[in-house]
Amino acid sequence: LAGLALVWLAALLARGPDAPHPRRSAVNVTVGSFVVVAGASVLLNVQALANVDDLTIAIKKFALLSAYVIFFYIASTSLRQGEVSAFCGLIVGLACVTALLTVWEYRTGTNLFYDITERLMPPGFTLGAATGDSEFGRPAVTGPTQHGLAVATMLAFAFPFALIGVIRSPGRQKLAYALASAVILAGAASTLRKSAVVVPAAAVVVLFAYRPRALIRLAPLGLVLLMLVTALSPGALGSLRGQLLLERASRSASTLDRTQDYDAVAPDVKAHLATGRGYGSYDSHKYRLLDNQYLALLIETGVLGLAAYVAMMLAILLTAHRIIRSGDSSRAPPALAIAGAAAAFIVSGALFD
């Protein structure tokens, strides 16, 4: 990251045609606001966090957050408009690789992400088994992540980019993007997590709101895609359909485990309502696994931090909205995919932390 920052600074000082273009935007302002609130939440509780041995993890997680923000700023000010479409294609391609190997894990029980990586590393190196569990009667299909929810959500973020490719591409490219959409959905479904249906659905709702006619025209293709998903991940859609039945979903151990968290953490929220107990300080392994990013942030950064976090995501949606409505044939489609992914991100935050 330091190397990237030095190259970025050198390019900025050179002031050439390809130099970075720092600019003020709603996204940058809200990201910066969240970082400020997160840092303040730690500083205001330094002594209390030290007393319960949570200061170290809070500092480490704030440092990680800062690293993400620096990378975001370098990337967002360096990316040129002509490169956006290429990156969209790259997102879809990499998602297909992830999805296919996740489907392989579902069908064979072999996680090639972990196996191949360990074989490529020096003798004695081990990644350790993924921590996804079968606590609720589902096999642990985790892909390259540590939990099925994570890989299902990653693929859900990529799905609107594939779907936009279907809408805007001609001939063979349309077919390629349609196959990619099916592969991505099959990979998500292979995790057997309800999020594999709920999170992509949020993206589709946003796409439908802006392009209803285009989505309606794709309805026959959608049936074909479902058939392909069933062929790639046999039994996965049936399992998900059963989990999503209202009576079963409301009484499942997974749902009850989440809803019980609200009363359990109420004292933590009330004790530091405005700025929280400190960003990154609520260790789920030490206290309670919440499965809700918004609840975790409410505890760690209070009402101000949660508001800044939500504002950050709304800023992305509003920025994308203006571009979508502009009618620009090159910029509007990627912006629509981004809006769908942002909506999926907003929904996913309520499903796991």
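Please refer to the structure higher up on the page.
This text gives an overview of the structure that appears in the document. (Residues numbered from 1 in each chain as written. Predicted model: local features only at pLDDT ≥ 70, side-chain atom pairs only at ≥ 80, totals over all residues. Heavy atoms only, no water.)

Quick word on the pattern of salt bridges
Rules: When a carboxyl oxygen of Asp or Glu is within 4 Å of a side-chain nitrogen of Lys or Arg, the pair counts as a salt bridge. To qualify as a helix, a DSSP run of H or I must reach at least 4 residues; to qualify as a strand, a run of E must reach at least 2; elements of each kind are numbered from the N terminus. Burial classes follow relative accessibility: with a 1.4 Å probe on protein chains only, a residue under 20% of its type's maximum area counts as buried, one over 50% as exposed, and anything between as partly exposed.
Summed over all chains, the structure comprises 4 salt bridges. Note that Lys286 is salt-bridged to Asp54, the shortest N-O span being 3.0 Å. Here Lys286, found in the loop between α14 (253-271) and α15 (293-326), pairs with Asp54, found in the loop between α3 (46-51) and α4 (55-78); they are 232 residues apart in sequence, far enough to count as distant. Here Lys286 falls in the partly exposed class, since its relative accessible area comes to 41%. A salt bridge links Arg80 to Glu83; the shortest N-O distance between them is 2.7 Å. Take Arg80: its relative accessible area is 43%, and that puts it in the partly exposed class. Shared partners join several salt bridges into a network, and the residues in it are Asp18, Arg80 and Glu83.

Focus: the environment of Ala315
For Ala315, the position within the fold is in helix α15. Residues Ala315 and Gly171, spaced 144 residues apart in sequence, show a C-alpha to C-alpha distance of 35 Å.

So, the packing of aromatic side chains
Rule in force here: Two rings from Phe, Tyr or Trp (for Trp, the six-membered ring) form a pair when their centres are within 6.5 Å of each other. A pair whose planes differ by under 30 degrees is stacked, one over 60 is edge-to-face, and the rest are tilted.
Enumeration according to the criterion identifies 7 aromatic pairs in this entry. Taken together, a centroid distance of 5.5 Å and an interplanar angle of 55° make the contact between Phe34 and Tyr309 tilted. In this pair, Phe34 sits in helix α2 (residues 26-43) while Tyr309 sits in helix α15, placing the two residues 275 residues apart along the sequence. Each member of the pair Phe34 and Tyr309 is classed as buried. Between Phe157 and Phe345, the aromatic rings sit 5.7 Å apart at their centres with planes inclined by 45°, giving tilted as the arrangement. Note that Phe157 is positioned in helix α7 (residues 148-168) and Phe345 in helix α16 (residues 332-348), a separation of 188 residues in sequence. The exposure class assigned to Phe157 is partly exposed, which follows from its relative accessible area of 23%. Grouped by ring-pair contacts, the aromatic residues Phe34, Phe157, Tyr279, Tyr294, Tyr309 and Phe345 constitute a single cluster.

Concerning the environment of Val224
Along the chain, Val224 falls in helix α11 (residues 219-232). Residue Val224 is classed as partly exposed on the basis of its relative accessible area, which comes to 42%. Along the sequence, Val224 and Ala266 sit 42 residues apart, while their C-alpha atoms lie 47 Å from each other.

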